[in-house]
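Okay, here's what each chain looks like letter by letter:
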Amino acid sequence: TTTVVGFIGLGRMGAPMARRLIEAGHSLVVFDARAEAVEHVVAAGAQPADSPAAVADAAEIVFCSLPNPKIVHQVALEAGGVAEGSKVRILVDLSTTGPSMANTVAAALAPRNIAWVDAPVSGGIKGASTGTLAVMVSGPAAAIAEIEPLIKNFGKVFNCGEQAGAAQVVKLGNNMIAAGVILLSAEALAMGVKAGIDPAVMCEIINASSGRNSATQDKFPRAVLPGTFDFGFATALSYKDVGLCVDEGEALGVPMVGGSLVRQMLAVTNAKYGPDSDFTNMVRIIEEWAGV
Ligand code: NAD
C-alpha cells in the first residue's frame, strides 16, 4: 500500500534511502537545509516542503537522517520543527545521535502523541543504495510494527526493544569498533610497507586470517589502497560517533581506553584534514608518522 512518508535530511545516506522509498511506490514529502539536496530527490519524484513542520503537516510517519544530536533535537522540537506538524504520529531517527538526546526528545514528544523510534543504520552509502543496511530500532512496539515495512525497503530490521535510545547504544558500539580497526589496520599495514610488503597482498592475507575486519575487507581495498580516501563517511561524523560512545561508556562505568585513543586520532584527523574530510584520512596520519 502507498503511504505518504516524510523525509528530512537528504545527504549521503538520506538521499538513497528516500529514493528507495519512492521506487517502492510511496509518496515522499521532503526537506533539507540545502536546496541542491532537495532538488536531487524531487527530480526522483518527491514533493518539496518548506520546513520540518510542513513535512509533518503532510505525513503521519516522518524519517530524519541528520548529522548530529543537536540538529535532530532542533529539527524535532524547535520553532518550525516536526512537533508542530498537524499530521505526524511517528518520528523515526535514522541518524547516529546517541541515547541521551533520544531519551530527551522521546519524552518531549510523548505528550503530543508523537511516538519516537530510534533507527540508526549501518552499511554506508552502498548499503543505503542497494537496500542492504542493518537498521537497529528501539521504541514503542506498535510504532515499530507500523514502520517496519517501510524500513525493509532499505535494510534489515534488528529490534532492540522498547527503551528509547537502546538501538543508539548498539550503533555507537559498532561505530567505535569500525573506526578503531582503521587505526590498527593502518599501523599494521604501515609496518608491512616499511618491511617491503605489498599492502594489497598483506590485506588479502589478513582477510583470510584472524585479523580480518571491516577496514581490511572494505575500507582499505575501496578507499585507502587506491589512494582516493573517499569511502563516504565524514571525519566529523566518526569523531562525533566515537565521542558519543566514549561518553556513554563512561557514564555507564565502563573504562573506554581504546575508544579514547580512537577519539583522539579522529580529533587529529579533524584538525589536519577538516570535518568534511573522509574518515579514512586517519590512515594518512599514521603513514606520515611512520614515514611511509
Ligand atoms: P550528510 O552530511 O551527507 O547529510 C546530512 C544532511 O542533513 C545534509 O544534506 C544536510 O544539508 C542536512 N541538514 C543539516 N542540518 C539540517 C537542518 N537543520 N535541517 C534539515 N537538513 C539539515 O551526512 P550522512 O553521511 O548522510 O549522515 C547522516 C547521518 O547518518 C549521520 O548521523 C551519520 O552519522 C549517519 N550515518 C552515516 C553513514 C555514512 O556512511 N555516511 C552510515 C551510517 C550512519
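An unreviewed UniProt entry annotates the protein as NAD(P)-dependent oxidoreductase of Chelativorans petroleitrophicus.

## Quick look at the overall build of the protein
In terms of regular secondary structure, the protein is built from 13 helices and nine strands. Taken against the 2.2 N^0.38 rule, which gives 19 Å for 292 residues, the C-alpha radius of gyration of the protein at 20 Å falls within 12% of a compact globule. Viewed in the frame of its principal axes, the protein has a C-alpha envelope of about 65 × 45 × 35 Å. Per-residue burial over the protein gives 46% buried out of 292 residues. Pairs at least 24 residues apart make up 64% of the contacts formed inside the protein by residues separated by at least 6 positions.

## Thoughts on the site of the ligand
The ligand sits among 28 residues. The nearest are Gly11, Arg12, Met13, Ala33 and Ser95. Of all the elements in the fold, those that place two or more residues in the shell around the ligand are α4 (69-77), β7 (121-122), α6 (124-130) and α11 (235-251). The residue makeup of the shell around the ligand, split by class, is 14 nonpolar, 10 polar and four charged. Taken domain by domain, the shell around the ligand gets at least three of its residues from each of domain 1 (4-163) and domain 2 (168-290).

## A short note on the nonpolar core
In this structure, Val30 and Val62 are the most contacted members of the largest nonpolar core, which totals 61 residues. Beyond its immediate chain neighbours, meaning those up to four positions away, Val62 contacts Gly6, Ile8, Val55, Ala56, Val82, Val88, Leu91 and Val92. Membership of the second largest hydrophobic core comes to 30 residues, among which are Met202, Cys245, Val262 and Phe279.

## What about the pairing of strand β6 (residues 115-118)?
Each regular strand carries side chains that alternate between the two faces of the sheet. Alternating residues of β6 divide into Ala115 and Val117 and Trp116 and Asp118, and every residue in both groups is buried. In the sheet, strand β5 (residues 90-93) pairs with β6 via four bridges, with the strands oriented parallel. The residue of β6 that forms the bridge with Leu91 is Trp116.

## As for the UniProt feature "active site" (unreviewed entry) in the protein
Mapped onto this numbering, the UniProt entry gives "active site" (unreviewed entry) at Lys171. Exposure remark for Lys171: the 27 C-beta atoms within 10 Å place this residue in the buried category. Not counting residues within four places of it along the chain, the set of residues in contact with Lys171 comprises Thr96, Pro120, Ser122 and Met136.

## Some words on the domain arrangement of the protein
Where interface size is given, it is often the accessible area lost as the parts come together that is meant. Under the domain assignment used here, the protein contains domain 1 (4-163) and domain 2 (168-290). Domain 1 puts 15 residues into the contact, and the matching count from domain 2 is 14 residues. Those elements giving two or more residues to the side of domain 1 that touches domain 2 turn out to be α5 (99-109) and α6.

## Describing the confidence of the model for the protein
The predicted structure's coordinates, where accompanied by low pLDDT, should not be read in detail. Taken residue by residue, the protein gives an average pLDDT of 97. The fraction at 70 or more is 100%. In the predicted complex, the global pTM is 0.96; the interface-specific ipTM is 0.99.

The rules we used
- Residues numbered from 1 in each chain as written.
- Predicted model: local features only at pLDDT ≥ 70, side-chain atom pairs only at ≥ 80, totals over all residues.
- Helix = DSSP H or I, 4+ residues; strand = E, 2+ residues; numbered from the N terminus.
- Rg over C-alpha atoms; globule rule 2.2 N^0.38 Å.
- Buried ≥ 20, exposed ≤ 12 C-beta atoms within 10 Å, placed from the backbone.
- Contact = placed C-beta atoms within 7 Å.
- Near = placed C-beta within 6 Å.
- Nonpolar A, V, L, I, M, F, W, Y, C, P; charged D, E, K, R; others polar.
- Domains from an automatic or database assignment.
- Core = buried A, V, L, I, M, F, W, Y, C linked by C-beta atoms within 7 Å.
- Pairing = 2+ DSSP bridges.
- UniProt positions renumbered as here; feature names shortened; annotations may be inferred.
- pLDDT = per-residue confidence, 0-100.

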